[in-house]
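What the coordinates show
One letter stands for each residue in the lines below.
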Amino acid sequence: MITKNNLNIKELKLMSNAIRALSMDAIEKANSGHPGMPLGMADVSTILFKYFLKFNPQNPNWVDRDRFVLSAGHGSMLLYSILHLVKYKKMTLDQLKKFRQLNSKTPGHPELNLECGVETTTGPLGQGLSNSVGMAIAEQHLNSKFGKSLVNHYTYAIVSDGCLMEGISQESISLAGHLNLKKLIILFDSNKVSIDGPISLSTSENHLERFKACNWDVQEINGHNFYQIYNAIKKAKKSNKPSLISCNTLIGYGSPNKQGKNLSHGAPLGKDELKKTKKKLGWNYPDFFVPKNVLKLWEKITLKGIKENKKWNNILKNTNTKKRKSFLYQLKLNIPNNTFLKLKKLKMEFGNSKEEMATRKASNSVIEVLAKNIPFLIGGAADLTESNLTKSDNQKVFNKKNSKGTYIYFGIREHAMVGAMTGMALHGGIIPYGGSFLIFTDYCKPSIRLASFMKIKVIYIMTHDSIGLGEDGPTHQPIEQLAGLRSIPNLNVLRPADAIETLECWETALNQNSPSVISLTRQNVPIVRNRNLNTNFSKEGAYIISETKKNKRDITILATGSEVSIALEAKNILEKKSLNVTVVSMPCWEIFEKKKNNYKNKILGPINNRIAIEAASKFGWTKYIKNDDYILGMNDFGSSAPHNILYNKFGLNSKELVKLALKVCKK
Ligand SMILES: Cc1ncc(C[n+]2csc(CCOP(=O)(O)OP(=O)(O)O)c2C)c(N)n1
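Quick summary incoming for the structure in this document. All values derive from a computational prediction rather than experimental measurement.

Moving on, we get to the packing of aromatic side chains. Applying the stated rule across the entire model yields 24 aromatic pairs. With a centroid separation of 5.5 Å and 75° between ring planes, the pair formed by Phe49 and Phe55 is classed as edge-to-face. In terms of burial, Phe49 and Phe55 fall into one category: buried. Pairing Trp312 with Phe327 gives two aromatic rings, centres 6.3 Å apart and planes at 65°, and the pair type is edge-to-face. Here Trp312, found in helix α11 (residues 292-317), pairs with Phe327, found in helix α12 (residues 321-332); they are 15 residues apart in sequence, far enough to count as distant. Aromatic rings pair up to connect Trp589, Phe592, Tyr599, Trp621 and Tyr624 into one cluster. Here Arg531 stacks its cationic end above the ring of Phe537, 5.8 Å away from the centre of that ring. Seen from the ring of Phe650, Lys649 lies directly overhead, with NZ or CZ sitting 5.1 Å from the centre.

What follows is about the environment of Thr560. Tracing the backbone shows Thr560 in the loop between β17 (555-559) and α20 (564-576). Taking the relative accessible area as the measure of exposure, Thr560 reaches 0% and is therefore buried. When the C-alpha atoms of Thr560 and Ser585 are compared, they prove to be 5.6 Å apart, with 25 residues separating the residues in sequence. Apart from residues lying up to four places away in sequence, Thr560 is in contact with Arg486, Arg495, Met586, Trp589, Ile613, Glu614 and Trp621.

What follows deals with the environment of Ile591. Structurally, the position occupied by Ile591 is in helix α21 (residues 589-593). According to the relative accessible area criterion, Ile591 is buried, its value standing at 8%. Look past the residues within four positions of Ile591 in its chain and what remains in contact with it is Asn492, Leu494, Thr508, Gln512, Lys539, Glu540 and Gly541.

Conventions used here
Residues numbered from 1 in each chain as written. Predicted model: local features only at pLDDT ≥ 70, side-chain atom pairs only at ≥ 80, totals over all residues. Heavy atoms only, no water. Phe/Tyr/Trp six-rings, centres within 6.5 Å; stacked < 30°, edge-to-face > 60°. Buried < 20%, exposed > 50% of the residue type's maximum accessible area, 1.4 Å probe, protein only. Helix = DSSP H or I, 4+ residues; strand = E, 2+ residues; numbered from the N terminus. Lys NZ or Arg CZ within 6 Å of the ring centre and 35° of its normal. Contact = heavy atoms within 4.5 Å.

On their own, these measurements won't tell you what the molecule is for.
Right under this line is the structure:
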């Protein structure tokens, strides 16, 4: 227990006022930003960084560093000021002066930039909290695998009232409590103010009781009392559960007229008020100026971090060769070669079998191979394991008793699952995949979006991907989801046609440096590609799967997923009418779009004679197709009935496709 004599309050005040002053100046210069939170959380952050956070600004990638997430991303200047003060090389004073300007390292909300010490992109409230859960999962897993000499770090996150109001917070808290992520420490900026005013306008819940009910340790402190902050973090580190420290703070701390009010939340204080605030804080220096003695205090933290990192490097050096190699191997995420050999064998088996098979089932066979051969693959599903078929027999479950497990039952928490997957990927040493129904990508879209923005390697296994799921009906039948997902930059949306393409899509996703959705059928589909099995055609994004005559075509049919077999059926009928038909399977538009124009033109053929079929909204298809009349798709929600009846009801069959082809050929 730290008591009155152990902390140098004067020094701590100077340190936190440096954060405040830099933040206010940068926001004032940008004439936009959020001063309330940096002013309010400067004291908590100073204690965290000075006494607890393990990191080395000269080696931002140090794997055993503590992770720090600013979930309330609007308080970005709090983070930037600190990263500058602890001397991340690229976080210069000049960058603080360029806050919110084009090409700066100080964008409005923090954007993943490890070089500068930004661990994840935040801003949409609650997302950072879910990422921190994933980071803590990753730590717990790697710690149990490699021991505390190599992996022993904490994950801290600052969350705000807004983060805890968002639904994703409940899913994340509940998951973290269930998994007993004891090295996760949440610092809650409980200033009881949000944009509209006091939070009493819109909420009256008791967060302490709420966290407690989810198996967390909770503490409540005065967030401006250095002793209380210190003791609370110290206690939280010893806890056997995840910890919430609810810090009662004043938003806009120090501002004579705006402290404690929503006025300080999201606009510069104004020149006059800024002056008054600095005066009240006893900060009598020019703009953007931090005196040497204060810089020295912050530098001590940097030096401590460098030392700790060196110590760890020595431990790694002296670790026995086998363990060291396996640890470094885990971190590299290079897929072992024999995985691809085993996949090749499986592909031949798929090719030889004449059996119809749902692509989700084929995916399960692929996962069986991957899970056996890739030690850094961690899978899971949001309570649909038996439907998504995401678990292989040899995967043990990750839980509070067995952190070595590589399969996570995420529960019915799609949003937290995807946010946590992001955290796991960002942590490093893990490639996460997770499953749900394609329709429920809507429940986790904000996290998919941020993962795409950050270009991280995560794989979403989304099954039941069309009206083909049948009897569950229109509530479960995705219509607009493919179009929506395809509109997200950096996200690969893969929709394989059969077992062969499913395997190829998995291979492709594993080789991407951005997230992938693999969209899979519930219903059985025939093998449509049992030639050229030695080549991964799906990785081209689109390819000619069948053609009547090379370089001669009357009509081109574009199709994806389960509709490729319908296109092939139509081709057979059209050939009997002496038409030359080319069928193009398009498992991934995004990858295809990156191909050279001559490849694209060769595959697509002339636009006037191009038609398409996909059991989903037509939205987006006019990128490849002349107009909506040339597309068979869904114009409405689906219906509850067996899948073959639905395909006929909505005109998604070879008969309709033939009709359309003949009409187009006549024109
Ligand atoms: C998902 C989401 N919804 C809305 C916003 C817009 N927004 C930014 S901050 C904020 C609320 C701020 O209140 P609080 O979280 O208490 O932060 P503080 O006022 O304490 O800085 C809102 C609604 C957002 N960033 N993310």
